[in-house]
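Here's the letter readout for the chains.
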Amino acid sequence: MGEGATRIFIYSRKSVCTGRGESIENQVEMCRQYIAGRIEGGGEAELTVYEDEGFSGKSMDRPQFQRMLSDARRRKPDYIVCYRLDRISRSVGDFAPLVEDLIARDIGLVCIREQFDTSTPMGKAMMYIASVFAQLERETIAERVRDNMLLLARTGRWLGGTPPTGFLSERTGEVVLEGKTKTACKLKWNPQEIGTAKTIFQKFLELRSVSGVGRYLAEQGVRSRSGKPYSLPGLKEILKNPVYCVADRCAREYFLARGAQVCFGEEQCSGKYGLLAYNKRDHSRRGAPRLPESEWIIAVGRHRGIVSGREWVAVQDALQAGGLPGERARPFNGYALLSGVLRCKRCGARMFAKRRSGSGTRFDYICASKLQAGGRCTCQNLGGKEADEAVCAFLTGRIQMDDAGFCRLLRAQHERLGRREGGAPNEVETRLVKCEREIAQLVSSLSQPGVGPALIARVNSRVTALDEQLSALKTQKERLQAGCGDARAQEERLFHSLACLRDGFEGLNSQEKRELIRLTVQKIEWDGERCDVFLYGE
């Protein structure tokens, strides 16, 4: 190839990997033909082909496209040729600066379908206009998909896919729009699995442990639809699925409080039919990650639910508070200041914040034991807003009383932050993984055929011991993570927070207030009538 040969990059993209229509190969071949017949020197041009298959045009974060741009910076081509404009991008925000950059570097962009060529003024203007319509088309399609999803939600249809554990998909015919009959599906109970689904919820409310539910199922010889023991992530997915929750007022208020689009009113809260959640995952991204609940569309299905809204909400609160083995506990939320330090004095359990039904801001602290099935603890709930304000007022008064209290807190935190508990974070993490792996192996061994009572008893004993060890390791890990930062920096943050506290609590935001409470308060105990606050250094 001579030094003066024209250098051309060909780019092709298709969102779905198929062999039909505008396939990658067809796009490249049409670009080759166009180059040979329409671009000067195209017959002898140096061609480089870049192909992205299975990637959407709404983002430029595509491997071959980014490689092409990188190559264009290293060895400038004369043209970049693509089959159609939307193969490059469907976003005006991405497309406009790209075209400006190519023009500034004297690189022509040619779209053979629309006959656009940025090397000419008219081609540049038409390219911008076409990109606007490409983005409008994408946004219109997205809006139309959501509108159709809302329409389907109001019919309670099951949109297909693998039915959840405990359910089967049943085909039905119904008139939907303009007298047209369309085939639809609904869920119905699977007699062979629905009992297992009920057991999973009942046992979790009783044990408040996903791994405990897994052990119980393994001991009973209960296996999943695939014939394998239930995995911990699989159990958690079942517990988080609204399909098992009946449509009642408690469930409706739960999703309304989280910003979900609820497609049924109070008159449909019969407490009989289960819920269906649409738009739970972003299927435009790889792996279809779960969307936040605020993006969900919640409707009443045509199947019977198995747990009440109150029970289902209790399960969600427990999952959020506890988490799976290996996951870091999340004791804090966006509205409660005392989460993580407040405990029930009667039974010693932690107390968790729970919003009141029908109230967007009011909440209570409730004993964890009370949330379990059977309600073993009878400790009175503690009003959340009132408790937070009382503790903040107590801290303000205690520190503003005299400098001795202020200095005492600083000295206690200086000593506490300067200490390091035994074991490095990596060592604790290794022991955690080893402990979890042994539990999983023991649980799996119980599912094997021919397991006798003696072995079950020994395994149970060992798993119980490992559970206690796992809990201790998690606590140690949290303490180490809290102390892994620079102790001096933590002490300076504490000093700053305490100084702000002396001048007034109003200057701190919720996160700063929560951090200050965590650094100064060792624990708070509630006995049903009064709170006892224990500060570090006292």
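Residues numbered from 1 in each chain as written. Predicted model: local features only at pLDDT ≥ 70, side-chain atom pairs only at ≥ 80, totals over all residues. Heavy atoms only, no water.

## Brief notes about the pairing of strand 1 (residues 7-14)
Here is step 1: Taking burial as the measure, the eight residues of strand 1 include seven buried ones, the bulk of the element.
Here is step 2: As paired strands, strand 1 and strand 2 (residues 46-53) are joined by eight bridges and run parallel to one another. When the bridges of strand 2 are listed, lysine 14 appears paired with glutamate 53.
Here is step 3: Bridge count for strand 1 against strand 3 (residues 79-82) is four bridges, and the pairing is parallel. (Buried < 20%, exposed > 50% of the residue type's maximum accessible area, 1.4 Å probe, protein only. Helix = DSSP H or I, 4+ residues; strand = E, 2+ residues; numbered from the N terminus. Pairing = 2+ DSSP bridges.)

## Some points on the packing of aromatic side chains
Here is step 1: Per the counting criterion, the structure on display carries nine aromatic pairs.
Here is step 2: Ring centres of phenylalanine 255 and tryptophan 296 lie 6.3 Å apart, and the angle between their planes is 35°; this geometry places the pair in the tilted category. Of this pair, phenylalanine 255 sits in helix 9 (residues 249-257) while tryptophan 296 sits in the loop between strand 9 (273-278) and strand 10 (297-304), placing them 41 residues apart in sequence.
Here is step 3: Of the residues examined, tryptophan 296 reaches a relative accessible area of 2% and is grouped as buried.
Here is step 4: In this structure an aromatic cluster arises from ring pairing among Tyr254, Phe255, Trp296 and Trp312.
Here is step 5: The ring centre of tyrosine 216 lies 4.3 Å from the NZ or CZ of lysine 203, which sits over that ring.
Here is step 6: It is arginine 304 that lies over the ring of tryptophan 189; its NZ or CZ is 3.8 Å from the centre. (Phe/Tyr/Trp six-rings, centres within 6.5 Å; stacked < 30°, edge-to-face > 60°. Lys NZ or Arg CZ within 6 Å of the ring centre and 35° of its normal.)

## Brief notes about the sheet that holds strand 8 (residues 261-262)
Here is step 1: Pairing is mixed in the open sheet, where three strands are placed in the order 8-10-9. Either end of the sheet is taken by a strand with one partner, and the two such strands are strand 8 and strand 9.
Here is step 2: Judged from the two bridges that link them, strand 8 and strand 10 form a sheet pairing that is parallel. Residue pairing across strands places valine 262 opposite isoleucine 298, the latter belonging to strand 10.

## Some thoughts on helix 6 (residues 194-207)
Here is step 1: For helix 6, built from 14 residues, the straight-helix expectation of 20 Å at 1.5 Å per residue is met to within 8% by its first-to-last C-alpha distance of 20 Å.
Here is step 2: Among the residues of helix 6, those classed as buried are Ile194, Thr196, Ala197, Ile200, Phe201, Lys203, Phe204 and Leu205. (Expected span 1.5 Å × (residues − 1).)

## Some remarks on the sheet that holds strand 16 (residues 531-535)
The strands making up a sheet are joined through hydrogen bonds of the backbone, oriented either antiparallel or parallel.
Here is step 1: The three strands lie next to each other as 11-15-16, forming an open sheet whose pairing is mixed. Where the open sheet ends on each side, the last strands, each with one partner, are strand 11 (342-344) and strand 16. Across the sheet, the mean angle from the axis of one strand to that of its neighbour is 25°, orientation sign disregarded.
Here is step 2: Relative to strand 15 (residues 521-526), strand 11 runs parallel, the two sharing three bridges. (Axes fitted to C-alpha atoms, helices over the stretch in contact; angles between N-to-C directions.)

## Quick notes on unusual backbone geometry
Here is step 1: Positive phi values are uncommon outside glycine, yet aspartate 106 reaches one of about 60°.
Here is step 2: By secondary structure assignment, the location of aspartate 106 is in the loop between helix 4 (92-104) and strand 4 (108-111).
Here is step 3: Within the chain, arginine 208 stands out as a residue other than glycine whose phi angle is a positive 55°.
Here is step 4: Residue position: arginine 208 is located in the loop between helix 6 and helix 7 (210-219).
Here is step 5: In this structure arginine 208 comes out as partly exposed when scored by relative accessible area, which is 21%.

## Considerations on the packing of helix 7 against helix 8 (residues 232-240)
Here is step 1: Helix 8 packs onto helix 7 with a crossing angle of 110° between their chain directions and a minimal axis gap of 9 Å. If you check the angle between helix 7 and helix 8, you find them roughly perpendicular. Across from Val210, Ser211, Val213, Gly214 and Leu217 in helix 7, the residues of helix 8 making contact are Leu232, Leu235, Lys236 and Leu239.
Here is step 2: Split by residue class, the contact of helix 7 with helix 8 holds six nonpolar, two polar and one charged. (Parallel < 35°, antiparallel > 145°, perpendicular 65-115°, else oblique. Contact = heavy atoms within 4.5 Å. Nonpolar A, V, L, I, M, F, W, Y, C, P; charged D, E, K, R; others polar.)

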